[in-house]
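One-letter residues, chain by chain:
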Amino acid sequence: MIYYVNNMPQEAAEVRTVAEVMTDLQLAGKRGLAVAVNDTVVAQPEWASYALQSNDRVTIIRATQGG
C-alpha cells in the first residue's frame, strides 16, 4: 500500500497504524507532535489503533518554541 507523510510517498507491504508510522520515522515518544490523517486530527491515544488505508495523507506537525 502507498500512503503519504507530509506529502512524501511511503510504501508498506501491510496495513500500518499511525503508531507504527511514528516509530518508523523515529518520532515515537517525542513530545509536541500532532497528527492528522486526511485533514482529521487523530488523538495520540488513538494512534495504536488507527489503521491507515491506501492513499491516506498523514500530516505530522511538531510544535516549536521561539519568537
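Our subject is the structure that appears above.
Residues numbered from 1 in each chain as written. Predicted model: local features only at pLDDT ≥ 70, side-chain atom pairs only at ≥ 80, totals over all residues. Heavy atoms only, no water.

*Asks:* Break down the overall build of the protein for me, with residues and values.
*Replies:* From N to C terminus, the protein includes one helix and five strands. For the protein, the α and β elements follow one another from N to C terminus as β-β-α-β-β-β. By the compact-globule yardstick of 11 Å for 67 residues, the protein fits well, its C-alpha radius of gyration being 12 Å. Principal-axis analysis of the C-alpha atoms gives the protein an extent of 40 × 25 × 20 Å. Sorting the 67 residues of the protein into buried and exposed places 30% on the buried side. Entry remark: accessible area of the protein is about 4700 Å², with carbon and sulfur atoms responsible for 48%. (Helix = DSSP H or I, 4+ residues; strand = E, 2+ residues; numbered from the N terminus. Rg over C-alpha atoms; globule rule 2.2 N^0.38 Å. Buried < 20%, exposed > 50% of the residue type's maximum accessible area, 1.4 Å probe, protein only. Areas by Shrake-Rupley, 256 points an atom, 1.4 Å probe, with all protein chains shown as cover.)

*Asks:* Talk me through the packing of aromatic side chains; I want residue IDs and the actual numbers.
*Replies:* Enumeration over the complete set of coordinates arrives at zero aromatic pairs. Arg57 extends its terminal NZ or CZ atom over the ring of Tyr4, reaching a point 4.1 Å from the ring centre. (Phe/Tyr/Trp six-rings, centres within 6.5 Å; stacked < 30°, edge-to-face > 60°. Lys NZ or Arg CZ within 6 Å of the ring centre and 35° of its normal.)

*Asks:* Describe in detail the sheet that holds strand β2 (residues 8-11), supporting the description with residues and values.
*Replies:* Here we have five strands laid out as an open sheet, ordered β2-β1-β5-β3-β4, and mixed in their pairing. At either end of the open sheet lies a strand with only one pairing partner, and these are β2 and β4 (40-42). For this sheet, the mean inter-axis angle between neighbouring strands, taken without regard to orientation, is 35°. Relative to strand β5 (residues 57-62), strand β3 (residues 33-37) runs antiparallel, the two being bridged by five bridges. Its bridge partner being in β5, Val35 is matched across the sheet by Ile60. (Pairing = 2+ DSSP bridges. Axes fitted to C-alpha atoms, helices over the stretch in contact; angles between N-to-C directions.)

*Asks:* Describe the nonpolar core, naming the residues involved and giving the relevant values.
*Replies:* Grouped together as the largest cluster of nonpolar side chains are 15 residues, with contacts concentrated most on Val18, Met22, Val35, Trp47, Leu52, Val58 and Ile60. For this core, the secondary-structure elements that each account for two or more residues are β1 (2-5), α1 (18-24), β3 and β5. Setting aside residues up to four positions removed in sequence, Val18 forms contacts with Val35, Val37, Trp47, Tyr50 and Leu52. (Core = buried A, V, L, I, M, F, W, Y, C linked by side-chain atoms within 4.5 Å. Contact = heavy atoms within 4.5 Å.)

*Asks:* Explain unusual backbone geometry to me, using residue names and the numbers behind them.
*Replies:* You will see that Asn6, though not glycine, has its phi angle at about 50°, which is positive. Tracing the sequence through the fold places Asn6 in the loop between β1 and β2. Of note, the phi angle at Asn55 is positive, near 75°, even though the residue is not glycine. Structurally, Asn55 is set in the loop between β4 and β5. You can call Asn55 partly exposed: its relative accessible area is 48%.

Honestly, that's just the spatial picture; any functional story needs more than this.
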